[in-house]
Amino acid sequence: MAMNLLALTVFICAIMVIMIAVYTWQFRATNGSRVFSIFMFSMSLYILAYSFELSSLDLPLMLFWNKVEYIGILTFPTLAMIFTSRFTGNDAWVNKKNLILIFLAPTIFMIVKVFDDSLHLIYRSVAINRDGIIPLLSFEKGPLYYLVSALSALMVTISILMIINKRRNSSLLYIRQSNIILVA
């Protein structure tokens, strides 16, 4: 591994997100803080692993860190939707049965990702692109790549729409909080 400016910048971002997660965990008794903190830890895992992928020089190491990234990639949209449900008061659906159901697809996708070197369902092929200033993982998208992306985009979109809807009929405090969340 060789740290470079891009990897270092991404690493610093990961540390900042970890600090937010740790800070909000201290207020976990407050409604929504626990799931927000877990959401931030999920994001930080993705960002941190990506910084390590960016500093990797060989394909096996890049692929290892890419698999670690996928833990965050697959969980943060679901956690975002749970957080925004709590934040907006639309969390009646958040129960053990539904949590198992909404984490089922990310769990299946993670299992596929672990074995994707032989399955080629998320990445059909992988290589190192050495054309730029640092080596980057290059891949041809497989059929499940699009499904993972669509599911993630759907959950994030639902989360954003819930916040926008909550913002319309809220007090100034909730409007400000909603604005911060939307910008973030």
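Described below are features of the structure shown in this document. Position numbers for residues count from 1 along each chain, tracking the sequence in the order it is written. Two thresholds apply to this predicted model, a pLDDT of at least 70 for residue-level local features and 80 or more for giving and counting side-chain atom pairs, whereas whole-chain, interface and lining totals are computed over all residues. As a rule here, side-chain values come from all non-hydrogen atoms in the structure, and water together with hydrogens is ignored.

### Comments concerning the nonpolar core
Inference 1: Each nonpolar core is a collection of buried residues, namely Ala, Val, Leu, Ile, Met, Phe, Trp, Tyr and Cys, held together in the definition by side-chain atoms within 4.5 Å. Partly exposed describes any residue whose relative accessible area lies between the buried limit of under 20% and the exposed limit of over 50%, with all areas from a 1.4 Å probe on protein chains only and scaled to the type maximum. Phe 39, Met 40 and Met 43 are the most contacted members of the largest nonpolar core, which has 20 residues in total.
Inference 2: Each helix is a run of DSSP H or I of at least 4 residues and each strand a run of E of at least 2, with the numbering of both proceeding from the N terminus. Mapped onto this core, the elements with two or more residues apiece are helix 1 (5-25), helix 2 (33-54) and helix 3 (59-88).
Inference 3: Should any heavy atoms of two residues lie within 4.5 Å, those residues are counted as being in contact. Those residues in contact with Met 43 that lie beyond four places of it in its chain are Val 17 and Phe 76.
Inference 4: One finds Met 62, Tyr 70, Phe 109 and Val 112 within the second-largest nonpolar core, a separate group that totals 14 residues.

### A word on the packing of helix 1 against helix 2
Inference 1: Axis definition: a line fitted to C-alpha atoms, over the contacting stretch in the case of helices. Angles run 0 to 180 degrees between N-to-C directions. Two numbers describe how helix 1 lies on helix 2: the axes approach to 8 Å, and their chain directions differ by 165°. Classified by the angle their axes make, helix 1 and helix 2 are roughly antiparallel. Read as a crossing pair, helix 1 and helix 2 show a hand that is left-handed.
Inference 2: Basically, the charged four are Asp, Glu, Lys and Arg, the nonpolar ten are Ala, Val, Leu, Ile, Met, Phe, Trp, Tyr, Cys and Pro, and anything else, Gly included, counts as polar. In terms of residue class, the contact of helix 1 with helix 2 is built from 22 nonpolar, five polar and one charged. Angles below 35 degrees are treated as roughly parallel, those above 145 as roughly antiparallel, those between 65 and 115 as roughly perpendicular, and all remaining angles as oblique. It is the rotation of the near helix from the far one that decides the hand of a crossing: anticlockwise by less than a right angle makes it left-handed, clockwise makes it right-handed.

### Looking at the environment of Ile 15
Inference 1: Along the chain, the position of Ile 15 falls in helix 1.
Inference 2: Each C-alpha atom of the pair Ile 15 and Met 40 lies 11 Å from the other, and the pair is 25 residues apart in sequence.

### Examining unusual backbone geometry
Inference 1: Even without a glycine there, the phi angle at His 120 is positive, about 60°.
Inference 2: Classification of His 120 by relative accessible area gives partly exposed; the value is 37%.

### Regarding the packing of aromatic side chains
Inference 1: Stacked, edge-to-face and tilted labels apply to pairs of Phe, Tyr and Trp rings (six-membered ring for Trp) whose centres lie within 6.5 Å, assigned for plane angles under 30 degrees, over 60, and everything in between, in that order. Throughout the structure, instances matching the rule amount to 14 aromatic pairs.
Inference 2: Aromatic pair Phe 36 and Phe 39: ring centres 6.1 Å apart, planes at 70°, arrangement edge-to-face. Of this pair, Phe 36 and Phe 39 both sit in helix 2, three residues apart, which is roughly one turn of that helix.
Inference 3: An aromatic cluster is present here, built from Phe 36, Phe 39, Phe 83, Phe 87 and Tyr 174 joined pairwise through their rings.
Inference 4: Whether a charge sits over a ring depends on NZ of Lys or CZ of Arg being within 6 Å of the ring centre and within 35 degrees of the ring normal. Against the face of Tyr 70 rests Lys 113, its NZ or CZ located 4.5 Å from the ring centre.

### Focus on the environment of Ala 184
Inference 1: With respect to the helices and strands, the residue Ala 184 is situated in the segment after helix 7 (172-183).
Inference 2: Its relative accessible area of 88% is what places Ala 184 among the exposed residues.
Inference 3: With 36 residues separating them along the chain, Ala 184 and Val 148 place their C-alpha atoms 22 Å apart.

### Brief notes about the packing of helix 3 against helix 4 (residues 96-114)
Inference 1: Where helix 3 meets helix 4, the closest approach of the two axes is 10 Å, and the angle between their N-to-C directions is 165°. If you check the angle between helix 3 and helix 4, you find them roughly antiparallel. The handedness of the crossing between helix 3 and helix 4 is right-handed. Contacts between helix 3 and helix 4 pair Asn 66, Lys 67, Tyr 70, Ile 71, Leu 74, Thr 75, Thr 78, Leu 79 and Ile 82 from the former with Leu 99, Ile 102, Phe 103, Pro 106, Phe 109, Met 110, Lys 113 and Val 114 from the latter.
Inference 2: Residue composition of the contact of helix 3 with helix 4, grouped by class: twelve nonpolar, three polar and two charged.

### So, the pairing of strand 2 (residues 136-141)
Inference 1: Note: two strands are recorded as paired if DSSP finds a minimum of 2 bridges between them. Where strand 1 (residues 123-129) meets strand 2, six bridges bridge the pair, whose relative direction is antiparallel. Counted as the bridge partner of Tyr 123 is Lys 141 from strand 2.
Inference 2: Between strand 1 and strand 2, which follow one another and run antiparallel, lie six residues.

### Some thoughts on the environment of Pro 135
Inference 1: Assignment of secondary structure puts Pro 135 in the loop between strand 1 and strand 2.
Inference 2: When the C-alpha positions of Pro 135 and Thr 75 are compared, they lie 27 Å apart, and in sequence the two are 60 residues distant.
Inference 3: What Pro 135 contacts, discounting residues up to four positions off in sequence, is Leu 54, Ser 56, Leu 57, Met 62, Ile 128, Asn 129 and Arg 130.

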